[in-house]
Each structure stands twice: as C-alpha cells, then as structure tokens.
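# Structural features, examined
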Amino acid sequence: MEWKSALATFLIIFLAELGDKTQLMVMSLSARSRAPHMVFLGAAAALIASSLVAVLAGDGLLRHVPIRYVRLATGAMFMALGGTLVLRALR
C-alpha cells in the first residue's frame with residue numbers, strides 16, 4: 001500500500017512541476033553551467049528539503065487538527081486563490 005502512495009505522489013508532483021518556474025530556472029542554470037550534473041544535484045536536494053518540510057508540517061498538523069478541518073481549510077485556500085486569479089484576469 002505504501003508504494004501506491006509513493007507512486008501517486010510522484011506522478012502528481014511530476015506533472016505539477018512540468019513547465020513551472022522552478023523547472024525553467026533549473027534549465028536556465030543548467031544551460032549556463034559547465035557542470036549540469038551539479039545543477040541537478042542542487043535542484044534535487046532543494047526539492048527533497050522543501051518536500052521534507054512539507055511532510056513534517058503536514059504530519060505535525062494532523063497530530064493536532066482533525067483531517068476534516070485541514071481539508072476545509074485547504075479547499076478554502078484554493079478557492080480564495082482561484083477567486084483572486086479570476087478577479088485579476090477581469091481587471
């Protein structure tokens with residue numbers, strides 16, 4: 001069962017990160033670098049570190065807040081972000 005979670009997480013993150021500003025920045029750094037393998041190592045380490053922070057924060061949050069409230073708050077944040085983007089597009 002854990003492998004399903006790992007695969008689902010990989011696919012979601014992989015697809016979400018395609019073409020985002022971080023990937024474009026890494027491409028730019030790699031194009032200018034004489035050591036693209038070191039750019040890869042740095043980018044991979046940064047993604048691992050930021051993912052670790054997210055996992056620890058999420059795990060800690062769920063120890064103190066019921067999942068129902070976390071889901072409601074997450075949904076509200078996505079709706080607020082979506083609303084903000086729609087309002088900016090209408091200006």
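Because the structure is predicted, anything quoted here is derived from the model rather than measured.

## Some points on the layout of surface pockets
In this model, the largest pocket occupies a volume close to 640 Å³. Residue lining of the largest pocket: 21 residues in total, with Ile13, Glu17, Ala43, Ala44 and Leu47 positioned closest to the centre. Contributions of two or more residues to the lining of the largest pocket are made by α1 (2-17), α2 (21-32) and α3 (36-64). Of all the elements, α3 adds the most residues to the lining of the largest pocket, at nine residues. A breakdown of the residues in the lining of the largest pocket according to their chemical character gives 14 nonpolar, five polar and two charged. There is about 200 Å³ of room inside the second largest pocket.

## So, a nonpolar patch on the surface
A grouping of Leu7, Phe10, Leu11, Phe14, Leu15 and Leu18 is seen on the molecular surface, where their side chains present a nonpolar patch of about 610 Å² in accessible area. With respect to the element layout, Leu7 can be found in helix α1.

## Re the UniProt feature "transmembrane region" (unreviewed entry) in the protein chain
With numbering aligned to this structure, UniProt lists the feature "transmembrane region" (unreviewed entry) at residues 35-57 and 69-90. Annotated as residues 35-57, this span is 96% helix and 0% strand, and its ends, taken at the C-alpha atoms, are 34 Å apart. The span residues 69-90 carries 100% helix and 0% strand; its end-to-end C-alpha distance comes to 31 Å.

## Some details on the environment of Ser51
Take Ser51: it is sitting in helix α3. Overall, Ser51 belongs to the partly exposed group, its relative accessible area being 33%.

## Describing the environment of Val39
Mapped onto the secondary structure, Val39 falls in helix α3. Since its relative accessible area comes to 15%, Val39 is described here as buried. Each C-alpha atom of the pair Val39 and Ser28 lies 10.0 Å from the other, and the pair is eleven residues apart in sequence. Apart from the residues within four sequence positions on either side, Val39 is in contact with Val26, Leu29, Ser30 and Ser33.

## Describing the pattern of salt bridges
Enumeration according to the criterion identifies one salt bridge in this entry. The partner of Asp59 in a salt bridge is Arg63, with the nearest N and O atoms 2.8 Å apart. With Asp59 and Arg63 both in helix α3, this residue pair falls four residues apart, about one helical turn. According to the relative accessible area criterion, Asp59 is partly exposed, its value standing at 39%.

Quick notes on the rules
- Residues numbered from 1 in each chain as written.
- Predicted model: local features only at pLDDT ≥ 70, side-chain atom pairs only at ≥ 80, totals over all residues.
- Heavy atoms only, no water.
- 1 Å grid on protein atoms, 1.4 Å probe; cavity = no way out; pocket = protein on both sides within 12 Å on 5 of 7 lines; lining within 4 Å.
- Points joined across faces, edges and corners; volume = space filled by probe spheres on them.
- Helix = DSSP H or I, 4+ residues; strand = E, 2+ residues; numbered from the N terminus.
- Nonpolar A, V, L, I, M, F, W, Y, C, P; charged D, E, K, R; others polar.
- Patch = residues over 30% accessible without salt bridge, like charges linked within 9 Å, V, L, I, M, F, W, Y side chains within 5 Å.
- Areas by Shrake-Rupley, 256 points an atom, 1.4 Å probe, with all protein chains shown as cover.
- Salt bridge = Lys/Arg side-chain N within 4 Å of Asp/Glu carboxyl O.
- UniProt positions renumbered as here; feature names shortened; annotations may be inferred.
- Buried < 20%, exposed > 50% of the residue type's maximum accessible area, 1.4 Å probe, protein only.
- Contact = heavy atoms within 4.5 Å.

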